[in-house]
Amino acid sequence: GDDGLDAAAMARLRDRITKIQESGLATSAQAYFDIATEKPPQRLLRDFFADSAPRVQQAMQDAVVALLGALPTLQFDSSVTTTGDRLAALMLQLQVTGYMLRNAEYATALRDLLEIRSREPADFRAAFERLDADGSGYIEMPEVEALLASVYGGEAPPPYEARALMKLMDADGDGLIAWDEFSAALGALEGEGGSAFGAALPALDAAAGTASPPNVSGTVVVTLDGGREVEVDAAAYMEQLRGEAEALRSELGQLQAGEAEGSGAISTSLSAYVAALPEAQLAVLTRGMSAEVKEAMSMVVKYIFKVPDEDGGERDLERDDQVTIEQDKMRTLCMYQLVLGYTLREAEAKGEADERLGR
């Protein structure tokens, strides 16, 4: 007889039973891990860049530039050598940044819906009062749902969208969005803005416990004007490029901040939105991350980085292991981590982990 489950649901149930038999009862963190790793890296990146908004893609490219600098592709082998703990810290930081960018996308989408055109508090206050339909002084879930319904032609929006916006703005979790929570989450102009987009990345030095940049070894071939090639010491050349990258990061931050702050105007750029946020407001974008998502991020990093052991098998990367990664692969790896963080935030908002666990 009909047991109420279609073939796809039955397949998911069987898969879950198999995993429980193999590794014990599943947890939310393991479900998030499965979501993050179910697609091979290249397919995940390909699908993301095919489906995501251009401004999200640009923001991720800006993040990689801000972190690594706009270093050119070199014509000879060029690699970055670092330690296991530094590399793991960097990967975690990039996942957090990807998570943060998804929340930034939620915030800027809400500003668009509310037709907020400047960063002046008065404009945000007017939008807050329009959204607060009952005049209670707080924004509540039905009012957020009513706003989103306007996007869906009067139909009820997907429940996760309203929940995601509430969670982003409701700092104390009381189910009510006060004015100060609303203005902080959406980036109202309050004093001095932030600096370059790179400031949005959690500090690598603090997480890794060191201020030393990764070492670069070997030689590189540089093509000069006219096509002449010269071979130079990689360390010296990369030091010069780091100086140029610092200048580029500074210029990037000034341009982005100028977009967002010029005449108090609102920019459509996610990078500009993040760059203009004061530090306290920036924290809003990662404040609601669940412990299960944090655990899944660590699990992903541990899963990705394996090294050969003495018996010919594999072991986990340890903090003092020396790791060498080619420059182009490092860029791809950084982008992959950003997309993973973005994907995990999307899954968290949609409740995908609980759905997979049948909750």
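The shown structure was predicted, so the numbers you read here are calculated from the model rather than taken from an experiment. (Residues numbered from 1 in each chain as written. Predicted model: local features only at pLDDT ≥ 70, side-chain atom pairs only at ≥ 80, totals over all residues. Heavy atoms only, no water.)

*Asks:* Would you mind showing me how to read the environment of Leu90 here?
*Replies:* Within the secondary structure, Leu90 is located in helix α5 (residues 84-113). Residue Leu90 is classed as buried on the basis of its relative accessible area of 7%. For the pair Leu90 and Leu67, spaced 23 residues apart in the sequence, the C-alpha separation amounts to 9.7 Å. (Helix = DSSP H or I, 4+ residues; strand = E, 2+ residues; numbered from the N terminus. Buried < 20%, exposed > 50% of the residue type's maximum accessible area, 1.4 Å probe, protein only.)

*Asks:* What am I meant to see in a nonpolar patch on the surface here?
*Replies:* On the surface, a cluster of nonpolar side chains totalling about 230 Å² of accessible area is made up of Leu113, Val151 and Tyr152. Structurally, Tyr152 is set in the loop between α7 (141-151) and α8 (159-169). Residue Tyr152 is classed as partly exposed on the basis of its relative accessible area, which comes to 33%. (Patch = residues over 30% accessible without salt bridge, like charges linked within 9 Å, V, L, I, M, F, W, Y side chains within 5 Å. Areas by Shrake-Rupley, 256 points an atom, 1.4 Å probe, with all protein chains shown as cover. Salt bridge = Lys/Arg side-chain N within 4 Å of Asp/Glu carboxyl O.)

*Asks:* Teacher, can you tell me more about empty space enclosed by the protein here?
*Replies:* Any space left empty among the atoms is revealed by the rolling of a water-sized probe across them. For the structure shown, the criterion picks out one cavity of 30 Å³ or more. Every residue along the wall of the largest cavity is listed here: Tyr99, Asn103, Lys167, Leu168, Val284, Gly288 and Arg345. Breaking the lining of the largest cavity down by element, the ones donating at least two residues are α5 and α8. Here the lining of the largest cavity is composed, by residue class, of three nonpolar, two polar and two charged. (1 Å grid on protein atoms, 1.4 Å probe; cavity = no way out; pocket = protein on both sides within 12 Å on 5 of 7 lines; lining within 4 Å. Points joined across faces, edges and corners; volume = space filled by probe spheres on them. Nonpolar A, V, L, I, M, F, W, Y, C, P; charged D, E, K, R; others polar.)

*Asks:* Quick question: what am I supposed to make of the pattern of salt bridges here?
*Replies:* Pairing between side chains becomes possible if they bear opposite charge and their charged atoms approach one another. Applying the stated criterion across every chain, the model contains 14 salt bridges. We note a salt bridge from Lys350 to Glu346, for which the minimum N-O separation is 3.8 Å. With Lys350 and Glu346 both in helix α16 (residues 327-350) and four residues apart, this pair spans about one turn of that helix. Residue Lys350 is classed as partly exposed on the basis of its relative accessible area of 31%. Owing to a relative accessible area of 21%, Glu346 belongs among the partly exposed residues under this scheme.

*Asks:* Explain α16 here, please?
*Replies:* Every α-helical turn comprises 3.6 residues, leaving residues that sit three or four positions apart pointing alike. Taking 1.5 Å as the rise per residue, α16 with 24 residues should run 34 Å; its terminal C-alpha atoms sit 35 Å apart, in good agreement. Counting buried residues in α16 gives 18 out of 24 residues, a clear majority hidden from the surface. Backbone geometry just downstream of α16 places Gly351 in the positive-phi region, at approximately 70°. (Expected span 1.5 Å × (residues − 1).)

*Asks:* Can you help me understand helix α6 (residues 121-131) in this one?
*Replies:* Taken together, the buried positions of α6 are occupied by Phe124, Ala127, Phe128 and Leu131. The buried residues of α6 occupy an angular sector of 105° when projected down its axis, which confines them to one face. The outward face of α6, more than 90 degrees from its buried face, is lined by the exposed residues Ala122, Glu129 and Arg130. Buried residues in α6 make contact with α5, α7 and α9 (179-186). (Arc of directions from axis to C-beta. Contact = heavy atoms within 4.5 Å.)

*Asks:* Please explain the packing of aromatic side chains as it appears in this structure.
*Replies:* Given two aromatic rings, one states the distance between the centres and the angle between the planes to describe the pair. For the structure on display, the rule yields six aromatic pairs. Ring geometry for Phe48 against Phe49: centres 5.3 Å apart, planes inclined by 90°, an arrangement best described as edge-to-face. Judged by centre distance (5.2 Å) and plane angle (80°), the ring pair of Phe48 and Tyr342 falls under edge-to-face. Placement of Phe48 in helix α3 (residues 41-51) and of Tyr342 in helix α16 is noted, with a sequence separation of 294 residues between them. (Phe/Tyr/Trp six-rings, centres within 6.5 Å; stacked < 30°, edge-to-face > 60°.)

*Asks:* Before we go on, may I ask you to explain the nonpolar core in this structure?
*Replies:* Here is a general trend for soluble globular proteins: nonpolar side chains tend to be buried in one another's company. Counting residues in hydrophobic clusters, the biggest one holds 78 residues, and the most contacted among them are Met60, Met91, Leu114, Phe182, Leu186 and Leu285. Examining the composition of this core, we find that twelve residues originate from one element, α16, more than from any other. (Core = buried A, V, L, I, M, F, W, Y, C linked by side-chain atoms within 4.5 Å.)

*Asks:* Got a minute to help me understand the packing of α8 against α16 in this structure?
*Replies:* Packed helices, taken two at a time, are described by their axes: the angle between them and the distance between them. Packing of α8 against α16 brings their axes to within 8 Å, and their N-to-C directions diverge by 110°. By the angle class used here, α8 and α16 are roughly perpendicular. The residues of α16 that touch α8, namely those facing Tyr160, Arg163, Ala164 and Lys167, are Arg345, Glu348, Ala349 and Lys350. (Axes fitted to C-alpha atoms, helices over the stretch in contact; angles between N-to-C directions. Parallel < 35°, antiparallel > 145°, perpendicular 65-115°, else oblique.)

*Asks:* Before we go on, may I ask you to explain unusual backbone geometry in this structure?
*Replies:* Only a minority of non-glycine residues have a phi that is not negative, and only a minority of peptide bonds are not trans. For Glu115, which is not glycine, the phi dihedral falls at a positive 55°. Position of Glu115 relative to the elements: it lies in the loop between α5 and α6. We classify Glu115 as exposed; its relative accessible area is 56%.

None of the figures reported here should be taken as evidence of function without further support.
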